[in-house]
Structures are given as C-alpha cells and as structure tokens.
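Structural overview for review
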Amino acid sequence: MNARTTKLREIAKKLLDKQKVDVVIGFKKGTIPLKNTPFFATNSEEADLLLWDGNCIGNLAAYLPKMAGKRAAIVAQGCVSRNVVGLIQEKQVDSNNIYIIGMPCTGMLDPRKIIAAVPGEITEAVEDQLYVTARGKGFEITLNRSDVLNRNCDRCTVRNPVLFDEIASEPKPELKDPVRYEKIRAIEALPPEGRAESIDELLSPCIRCYACRDACPLCYCPECFVDKSSPQWCGKSQDDRDVLSYHLIRAFHTAGRCTECGACEEVCPMGIKIRLISGKVEKDIREIFDGYEAWKDLKTPPPLTVFQRDDPQPFVKE
Amino acid sequence: MKSLLEYAGLEPGRLHFSWISSAEGEKFANFATSVVESVTALGPIKRFAKDEVSVGDRGVEL
C-alpha cells in the first residue's frame, strides 16, 4: 500500500469518526486490473477500502452536485479540485458542505495503452513511481509509467490541487510548458474537406451512449439538450450529422470551463479521442483570452461569463 | 463557435458575424450583400445539411 493511500484512509477515518462529513467520495479497487471504481465511504470500516494509485480514472467532482444536502469529502487531484472550484463558482454546490482532500497527482494510466503493449489478458498490474508491471498467463512486462499515461495527464501542468482543506502528500513537481495540441494543430492545418474528413473519421465509432456527458463534471444540467424532445435541439439518430451536432454543441458548452481532466475519453467505450474536439475549444479560449485556464482560483470567472469592453473578437467583421 | 465549426469542416466564408446597430441601415445592407456574395460563391452547403432524399434512399418511407 502506498503512502498516499495510507494517509488518505487516515484522513477519511478521522472525518467520518468525528462526523465532520457524511460521505467520503474516493476510489476503491475495481473488479478488473487497471480500473478502480468510484466509492462512497460512509463509515470508518468502509474508509479502509479507499485507495489512490494510477488507476483512479474519471472525475469525482461529477458526483458532487448529486450530493444535495450531504456533507461530502472529496479526494481531489489538480483537475478535480479545479472542477470543484467551478461547481462552487457556478453555484452548483455549497462550499460549506464540501471538504476537499487534496491529492497531488502523478497522472493516471491509460489502460488501452497498457493492453496494447502486452500479448494477452492482464490478470494483475502493479505500479511504482516510475514503472508499471503487467502480468498475465505466460507474460510479465514492465513499462515506463511515462509512456502509458493518459494523453491529458502526460502534459498536465496542474497536478497539485488548487484548493484543499487538507493534503495527503507533499506537492509534486509541475511540468513547465509541455507540448500541447499537436493533433489539433495538424487538423487545423488541413483544408476544409480534410478537416471534415478527420472529424467524421474521429466520430464514426460513436454509439451516442452519452457516457462522455455523464462522466463530465461540467454536464450537470437536469435536462441535457440532447434529451430534450420539445423542442428537439439535436437529431437523435446515428446519422453522422446528428453525431457531429451532439459533439460540437457539447464541446461548445465546455468553452472556458473544461479543465482537461480527460474523464470523457476515459469512459468512452469506443475509445474516441473526444478531446480532439473539446480541446480545440479549450485551445481557442487559451489563445484568445491570454492563456486563461479554467478555474485555477475561486475569484476569476471564466471569460465567456463576463463582458469587457476590450474583449477580443477576431471573428467579428466591421 | 466560428472557429469550432470551421475546425469541423465548415468552409471559411459561410459563417459571418458583425455588430450592427439598428441605426446603421447602410452598414447592414452592405454586410448582407457581402454575406450573400460570399455564400453564393461557395454554392449549396454539403457539410451539416441533411438531404431529405437520402432518408428515402435508406428505405425509410417519406
């Protein structure tokens, strides 16, 4: 058991025993290797199941708006803490009811990359700070942790929580100016037909299960635009134009709010790189609004929620 | 939004934005003319638009 898990359980038990919170939202070991499952600990015995490692995929902040009236502690690394800030700023949760257990993060592992690198079914996977070892029938393969990180984690510059009540380990070193958006820039450089083709190919496996929306901490609307039937904003069929409309509209709703936590891609059963679309919006906001990154503190509102006389508007014709 | 739609394959020149006051009649007329010219030059839209005939082609009764 790693030091962060030990510390996490200690904090969770203290909070639950002293009845400071009703529930601690974290992860426990999943039923298959490389995938932990979200877990809601309500007493100190259950707190002993909580853990933290490189398989804690998904964004726990998505559960907070559903905790109405309960006092909840949430385990939050950099991205999740930013989403908690966002939910507080957007008044979806009461900050008095939330206790943030800060968790400096070293990035989550991408199970798809690990599965692709081994010859058979993985029955056990163990990791340390630098390596991941996957074992199965007749093989044992050790991979560099940095080679199998999620595509958002390997370039993350906010590994440490931006807001927390208590922290479970020393802060981790942050990356400085990583290379970002290579694939998005490559698509941008294509002519319109090439871009259309790239995006259609990207979205062609989509089965419209809406797992990306359900996992997203930004998508807390009680009724989503895609579910609405009167008026029907978006076609519900598998037609490529309906699929495209869904993804473009959702991406636009994340403008200036996305923390690049990667939950949408992690939960996609078809392995679609959804962030090639939402990341484009994130990139535009960063470029147009002077390097803005969503929800780094409680005071700065997202640029699209405020009006300034000198707002950049490169798309407006005189 | 313009940037996102063009990223998804909309031709530049199809979507236009401008601030025009209700008092700026001439500006509005000139802008509308330039939009029509620009879009006419591009021809009918292929991206994003659904063709009703294609629904019939797929065996759905219209």
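Residues numbered from 1 in each chain as written. Chains lettered and ligands numbered in written order. Predicted model: local features only at pLDDT ≥ 70, side-chain atom pairs only at ≥ 80, totals over all residues.

What chain B contains, in helices and strands, is 3 helices and 1 strand. Written out in order from the N terminus, the α and β elements of chain B read α-β-α-α. The buried share among the 62 residues of chain B stands at 8%. (Helix = DSSP H or I, 4+ residues; strand = E, 2+ residues; numbered from the N terminus. Buried ≥ 20, exposed ≤ 12 C-beta atoms within 10 Å, placed from the backbone.)

This paragraph deals with the interface of chain A and chain B. Taken together, the contacts link 17 residues of chain A with 16 residues of chain B. Of all elements in the fold, only α5 (182–188), α6 (192–203), α8 (240–253), α10 (275–288) and β9 (316–317) of chain A reach the threshold of two or more residues within the side of chain A that touches chain B. If one sorts the elements of the side of chain A that touches chain B by residue count, α8 of chain A sits on top with 5 residues. When the residues that make up the side of chain A that touches chain B are grouped by side-chain class, the tally is 11 nonpolar, no polar and 6 charged. Note: β9 of chain A against strand β1 (residues 17–18) of chain B, 2 bridges, orientation parallel. The residue bridging V316 of chain A from the neighbouring strand is F17 of chain B, located in β1 of chain B. (Contact = placed C-beta atoms within 7 Å. Nonpolar A, V, L, I, M, F, W, Y, C, P; charged D, E, K, R; others polar. Pairing = 2+ DSSP bridges.)

Turning to the nonpolar core, a few remarks are in order. A12, V24, I74, A76, V84 and I101 of chain A are the most contacted members of the largest nonpolar core, which totals 81 residues. Those residues within four positions of A76 of chain A in sequence are excluded, and the remaining contacts are L60, S81, V84, I100, I101, G102, M103, P161 and F164 of chain A. (Core = buried A, V, L, I, M, F, W, Y, C linked by C-beta atoms within 7 Å.)

The next thing to look at is the sheet that holds strand β7 (residues 139–144) of chain A. Residues and elements named next belong to chain A. Taken in spatial order, the 3 strands of this open sheet run β5-β6-β7, and their pairing is antiparallel. Only two strands of the sheet have a single partner each, and these edge strands are β5 (122–127) and β7. In this sheet, adjacent strand axes meet at a mean angle of 20° when their direction is disregarded. Here strand β6 (residues 131–136) runs beside β7; their pairing, made up of 6 bridges, is antiparallel. Note on β7: the bridge partner recorded for G136 is F139. (Axes fitted to C-alpha atoms, helices over the stretch in contact; angles between N-to-C directions.)

Moving on, we come to the domain arrangement of chain A. Residues and elements named next belong to chain A. By domain assignment, chain A separates into domain 1 (1–108 + 155–175), domain 2 (111–148) and domain 3 (179–312). Each of domain 1 and domain 2 was reduced to a C-alpha centroid, and the two centroids are 25 Å apart. Residue-level contacts link 5 residues of domain 1 with 7 residues of domain 2. Residues of the side of domain 1 that touches domain 2, tallied by class, amount to 2 nonpolar, 1 polar and 2 charged. (Domains from an automatic or database assignment.)

A few words on unusual backbone geometry. Residues and elements named next belong to chain A. Omega for the peptide link from S230 to P231 comes to 0°, which places this bond in the cis form. Structurally, P231 can be placed in the loop between α7 (211–215) and α8. In this structure, R208 takes a positive phi of about 55° despite not being glycine. Note that R208 resides in the loop between α6 and α7. Judged by local crowding, R208 falls into the partly exposed class, with 16 C-beta atoms found within 10 Å. In this model, W295 sits at a positive phi of 55°, which is unusual for a non-glycine residue. Residue placement: W295 occurs in the loop between α10 and β9. Using a count of 26 C-beta atoms within 10 Å as the deciding quantity, one classes W295 as buried.

So, on to the sheet that holds strand β4 (residues 98–102) of chain A. Residue and element names in this part refer to chain A. Taking strand neighbours across the sheet as the criterion, the 5 strands line up as β2-β1-β3-β4-β8 in an open arrangement whose pairing is mixed. The sheet is open, and its two edges are formed by β2 (35–41) and β8 (166–167), each paired on a single side. Two elements, strand β1 (residues 23–32) and strand β3 (residues 72–76), share 3 bridges in a ladder whose sense is parallel. Paired with I25 across the two strands is I74, which belongs to β3. On the sheet, helix α1 (residues 3–17) packs against β1, β2, β3, β4 and β8 and is oriented at approximately 135° with respect to β1.

Glancing now at the confidence of the model for chain B. Residue and element names in this part refer to chain B. Considering every residue of chain B, the mean pLDDT works out to 85; 82% of them sit at 70 or more. Across chain B, the element-wise mean pLDDT spans from 53 in helix α3 (residues 52–57) up to 96 in helix α2 (residues 25–42). Confidence estimates for the predicted assembly give a pTM of 0.91 and an ipTM of 0.80. (pLDDT = per-residue confidence, 0-100.)

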